[in-house]
Each structure stands twice: as C-alpha cells, then as structure tokens.
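A structural walkthrough
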Amino acid sequence: MKSLLNGPDQSSHVIPRHVGIIMDGNGRWARSRFMPRIWGHKRGADSVRETVKAAATSGVKVLSLFAFSDENWGRPVDEVSALMGLFDHYLSHEINALEQQNIRLRVMGNLERLPARTKALLLQASERLSVRSGMVLNLAVSYGARAEITDAVREIAQRIREGIIDPAHVDESLLASHLATAGLPDLDLVIRTSGEQRLSNFMLWQSSYAELYFTKVQWPDFGAEDFNAALQEFSSRQRRFGLVEQDLRAEHSHTSTVADATAGETLC
Ligand code: FPP
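Glancing now at the site of the ligand. In the neighbourhood of the ligand, 18 residues make up the surrounding shell, with Asp24, Gly27, Arg28, Arg37 and Arg75 lying closest. In the environment of the ligand, an oxygen atom lies 3.1 Å from a nitrogen or oxygen atom belonging to the side chain of aspartate 24. Contact distances for the ligand include 3.0 Å between an oxygen atom and a backbone N or O atom of glycine 27. Summarising the interface, the protein chains cover 92% of the accessible area of the ligand, which totals 620 Å² for the free molecule. At the level of secondary structure, the elements contributing two or more residues to the shell around the ligand comprise helix H1 (26–31), helix H2 (37–58) and helix H3 (77–100). Looking at the shell around the ligand element by element, the count peaks at five residues for H2. In terms of residue class, the shell around the ligand is made up of eight nonpolar, six polar and four charged.

Attention now goes to H2. Under the 1.5 Å per step criterion, the end-to-end length of H2 is 31 Å for 22 residues, consistent within 8% with the ideal 32 Å. Among the residues of H2, those classed as buried are Gly40, His41, Gly44, Ala45, Ser47, Val48, Thr51, Val52, Ala54, Ala55 and Ser58. A positive backbone phi angle near 95 degrees is found at glycine 59, which sits one or two residues after H2.

In this structure, Val52, Leu63, Leu137 and Phe227 are the most contacted members of the largest nonpolar core, which totals 44 residues. Contributing elements (two or more residues each) for this core: strand E2 (18–22), H2, strand E3 (62–69), H3, helix H4 (116–129), strand E5 (136–143), strand E6 (189–192) and helix H7 (224–236). Other than its neighbours up to four places away in sequence, leucine 63 contacts Val19, Ile21, Thr51, Val52, Ala55, Met135, Val136, Leu137, Asn138 and Phe227. If you look at the next biggest cluster of nonpolar residues, it comprises 11 residues, including Ile22, Met108, Phe202 and Ala210.

Turning our eyes to something else, we now look at H3. An ideal rise of 1.5 Å per residue puts 34 Å on 24 residues; H3 measures up with 35 Å between its terminal C-alpha atoms. Of all the bends in H3, the largest measures some 50 degrees and sits at glutamate 94. Residues of H3 that are buried include every one of Glu79, Val80, Leu83, Met84, Leu86, Phe87, Asp88, Tyr90, Leu91, Glu94, Ile95 and Leu98, and no others. Each element contacted by the buried residues of H3 is listed here: H2, E3, strand E4 (104–108), H4 and E5. Of the residues flanking the end of H3, it is asparagine 102, one or two places downstream, whose phi is positive at about 65 degrees.

For the chain, per-residue confidence averages 90 on the pLDDT scale, and 87% of positions sit at 70 or higher. Overall, residues 1–9 carries pLDDT values under 50, and its contacts beyond four positions in sequence, including any with other chains, amount to 13 contacts. Ignoring residues within four places in sequence, the model shows residues 257–266, a span with pLDDT below 50, making 11 contacts including any to other chains.

About the thresholds
- Residues numbered from 1 in each chain as written.
- Predicted model: local features only at pLDDT ≥ 70, side-chain atom pairs only at ≥ 80, totals over all residues.
- Heavy atoms only, no water.
- Near = heavy atom within 4 Å.
- Polar contact = N/O pair within 3.5 Å; in protein donor to acceptor, adjacent residues only side chain to side chain.
- Areas by Shrake-Rupley, 256 points an atom, 1.4 Å probe, with all protein chains shown as cover.
- Helix = DSSP H or I, 4+ residues; strand = E, 2+ residues; numbered from the N terminus.
- Nonpolar A, V, L, I, M, F, W, Y, C, P; charged D, E, K, R; others polar.
- Expected span 1.5 Å × (residues − 1).
- Buried < 20%, exposed > 50% of the residue type's maximum accessible area, 1.4 Å probe, protein only.
- Core = buried A, V, L, I, M, F, W, Y, C linked by side-chain atoms within 4.5 Å.
- Contact = heavy atoms within 4.5 Å.
- Bend = angle between axes of the 7 residues up to and from the residue.
- pLDDT = per-residue confidence, 0-100.

Shown next, in the form of structure tokens:
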C-alpha cells in the first residue's frame, strides 16, 4: 500500500470539499511531558502548518480550523495572552508561506474581543490573501456557532424591520448567506483530535450532514499522515443525507472527486 505520508491514493478517493478541525489536546500533550500548556499550543502551531499543507495538496477546497472559541476567553489570562501572541507570530511568519501555497485566508468570529494587534494582523493577512485562488483556510478565532447563528438572525430581523427582506422569503439558504461562511460549501468532514467526541459549539449549522472523525492523537502530534488517514476513512463512508441509496447520485454532489477538486471552481 502506498504510504499515507504521500497522500491518499487519489485516483479512487472521494475528497471532502470542506474539512473542519477541532484541534484539541495541546494542554494534555504538554502536561504529559511536564511542560507548561503553552508549550503544547506552540507545538500545535507546527501541526497547523503541516496540516494546511496536507489539505491543500489533497485537493480539499476549504479547511476550517477552530483556533480559539468563545469559551476559551475563560482560560487563565496568561494562557489567553500567550495564545494571542502565538496567533500574532503565526500570522507574521507564515503569511509568505501561505501566499506561496496560493492559500486564501478567511477569518470568522468576534474579532472585537481580540487584542488590537491580533485583530489587525488577522485582517491584514486575510485582506492580502483574499486574492489567492487556492484552498481557503478559514480560521475560527473567538468563535462560537450559537453566536454566529444568533448574529445572522439579528441581521435578518433588522432587514425585515427595514422592509428589505420579506419574512416569507426567510429560508435555509437566506440564513446560510448571513453566516460567516457565506459562499463556502457545508462541512463534509469534521475531525476532532485527543479522543473527545463532541462538537463544542463548532460550526453547528455547517456540520449538519458532516461525517465525524474522532482520533485519539493529540493535536501537537497530528500531521499529514493523520490527516490523510481521516480522508481515507471519509472516502469509505457512505453518506445518505436522509435518502435511500439509489436517490443519492441524483440528489447530492457535496463531495468532489480529485478531478472535480482541481476544476478551478470559485469560492468566495
Ligand atoms: C485546544 O487544546 C486548543 C486550543 C484552545 C488552541 C488551539 C491553538 C493552536 C493549535 C495554536 C496555533 C493555532 C494557529 C491557528 C496558529 P486544549 O488546550 O484545550 O488542550 P487540553 O484539552 O488538553 O487542555
């Protein structure tokens, strides 16, 4: 069998268009080595680098990473500030590499809560990389799915009050167009590391029909080989979207073959 390090055997693989990752286990990884938690986050940034490369190489169109949740604001001040410093470092030092890989950067979450420098770096980087045409790297920072959906509902309610939207026209696609992921496909695959098996308020709307993949590997140990193993597992799952088998082909084409994945579709 071909090494998973070289990517899955793409000729026969169904590649998920949109993969989300809940990067978990940094703290436990560090603790088991008698190191401070931030050490785990630092090593986690190396895993981000490797995974972004693996995803882009595999033909995935969008990679969403849960980098910092709404709930993470409740962590000790030192850890929060070290994480913000790590984001700043990643954005300043990785931007050229991301550009070379033709990565488009998007960011979602409540950026108003971030330190001014982190917010500015995120906005500058996403602005600079918005013109690239390769894989979309969607960073969820200060993000919570319930807040995202609530914001969308508030925005729609406001437009209804202003007479811009007719309540009769409020449907799923209208709501989706007010989410932070407007223009992106729904998640096909959600990966969570470290053995935990829950979504923890991550992209709840977009993961409605996603395949879930849980691995015991802690995020700082996660790399290309683990990512490709998840793709391989995804490829072996049968997704029915609530239909029976024979209706599937006609109704849904949520995922891509490698040929589709390289066909130059535009995602905003
Ligand atoms: C969860 O592990 C991880 C986080 C809250 C932070 C994720 C951040 C990184 C991977 C750093 C780099 C990110 C980017 C985008 C450069 P945890 O701390 O909850 O682990 P634990 O459950 O073992 O305590």
